[in-house]
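# Commentary on secondary and tertiary structure
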Amino acid sequence: MMRNHVTPLIAVLAVGAATLTACGSSQVPPGPARAADLSGSPAASPTGGAGVALLPGTAKSNNAAAGTGDWATPNGGVAAGDARESAERWVQVTAGKAGKLDPVVVNGAGLTLYRFDKDSNKPPVSNCADDCAATWPPVTVAPAGKVFVAGVKAADVGTIPRPDGSRQVTIGGWPVYRFAKDTKPGDTIGQGVGNTWFGVTATGGKAGVSGGEQSAPDASPAPPATSAVLFDDPDFGDGAGSQGVAGTGCRNLSRPGVSSSVAAPGSLKLWAGPDCTGRSKVINGDVADLGAVDFDNAVVSVRLG
């Protein structure tokens, strides 16, 4: 089902010379993204035919190959030919922090992602092409590629086509970009450029701007999750490791009592005892800090489906 000409990925990177000149006005029209299957293991790579697949967790927790996706150009360098094909195999959108922006969405290399006020989210349209796109490279993924998501609701993630055949990722309907002068995690040099470029939040709002956050999506219960990734660190951090579970029914964790955050494409129930016994807590999708729900380092088993 389409919404605003962009399909939420319910199952569902080229930097040139950096300038601060005005961006081009070529429009990239909106178009639908085919839905993909979300039923597989979070550590696997399910595909959706010509569609883009959405997987809970990070690239690392999903065992992405080294030197691919966001890791192919970790400092925002130019990708062309085979390198570009490798770079567009996957992208990651994770709610985190960068510099003074907290929260803001970052990619798999930790680089800040931005939105452009001259774009539109209803319908989703990009107005950054040519020289503009060299300074502000669109976050793109190849058809049949993957988007790894943590801390961003699946319903808020989509794609629109670009003239080169790639698909630009959208959050809350807003096309998202990197900035050429951001070369390392924590850089936010693009924040506020031209008073039109701002870090993007997990719902498509403007990071670091009073009143810039978009309305939160409705709090209706999410569908039951059949997969989840549990991280040892809060904020979906990869540093201390992670573990995935998939299927339906009760699942005991291989490493109990170490999880501090959870990425899941729906609701699930956490248990403090094996075989889904003891104290429990229902969560409705991603939780960046299990301490906030009194379950830090307490998860022993989960119930899926």
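Heads up: these notes are all about the structure in this document. On a predicted model such as this, the values are computed, not experimentally measured, just so you know. (Residues numbered from 1 in each chain as written. Predicted model: local features only at pLDDT ≥ 70, side-chain atom pairs only at ≥ 80, totals over all residues. Heavy atoms only, no water.)

### Quick look at unusual backbone geometry
Going by this rule: Strands are runs of DSSP state E lasting at least 2 residues, helices are runs of H or I lasting at least 4, and numbering of each runs from the N terminus.
Backbone torsion omega between D102 and P103 reads 10°, so that peptide bond is classified as cis. In this fold, P103 is placed in strand β3 (residues 101–106). Each neighbour pair has its own omega, and for K122 with P123 the value is 0°, a cis peptide bond. With respect to the helices and strands, P123 occurs in the loop between β5 (120–121) and β6 (124–125).

### A word on the state of the cysteines
As a reminder of what qualifies: Only a pair of cysteine sulfur atoms within 2.5 Å qualifies as a disulfide here. Three labels apply to residues, based on accessible area from a 1.4 Å probe with only protein chains included: buried if under 20% of the type maximum, exposed if over 50%, partly exposed otherwise in between.
Summed over all chains, the structure comprises two disulfides. A sulfur-sulfur distance of 2.0 Å marks the disulfide that ties C128 to C132. Because the sign of the S-S torsion sets the handedness, a value of about -105° for the bond joining C128 and C132 places this disulfide among the left-handed ones. When sorted by exposure, C128 lands in the same class as C132, which is buried. With a sulfur-sulfur separation of 2.2 Å, C250 is cross-linked through a disulfide to C276. Across the S-S bond linking C250 and C276, the dihedral sits near 105°, which makes this disulfide right-handed. Here C250, found in strand β15 (residues 249–252), pairs with C276, found in the loop between β17 (267–273) and β18 (277–284); they are 26 residues apart in sequence, far enough to count as distant. Look at C276 and you get buried, because its relative accessible area is 8%. In the protein, the cysteines engaged in disulfides, taken in order along the sequence, are linked 1-2, 3-4.

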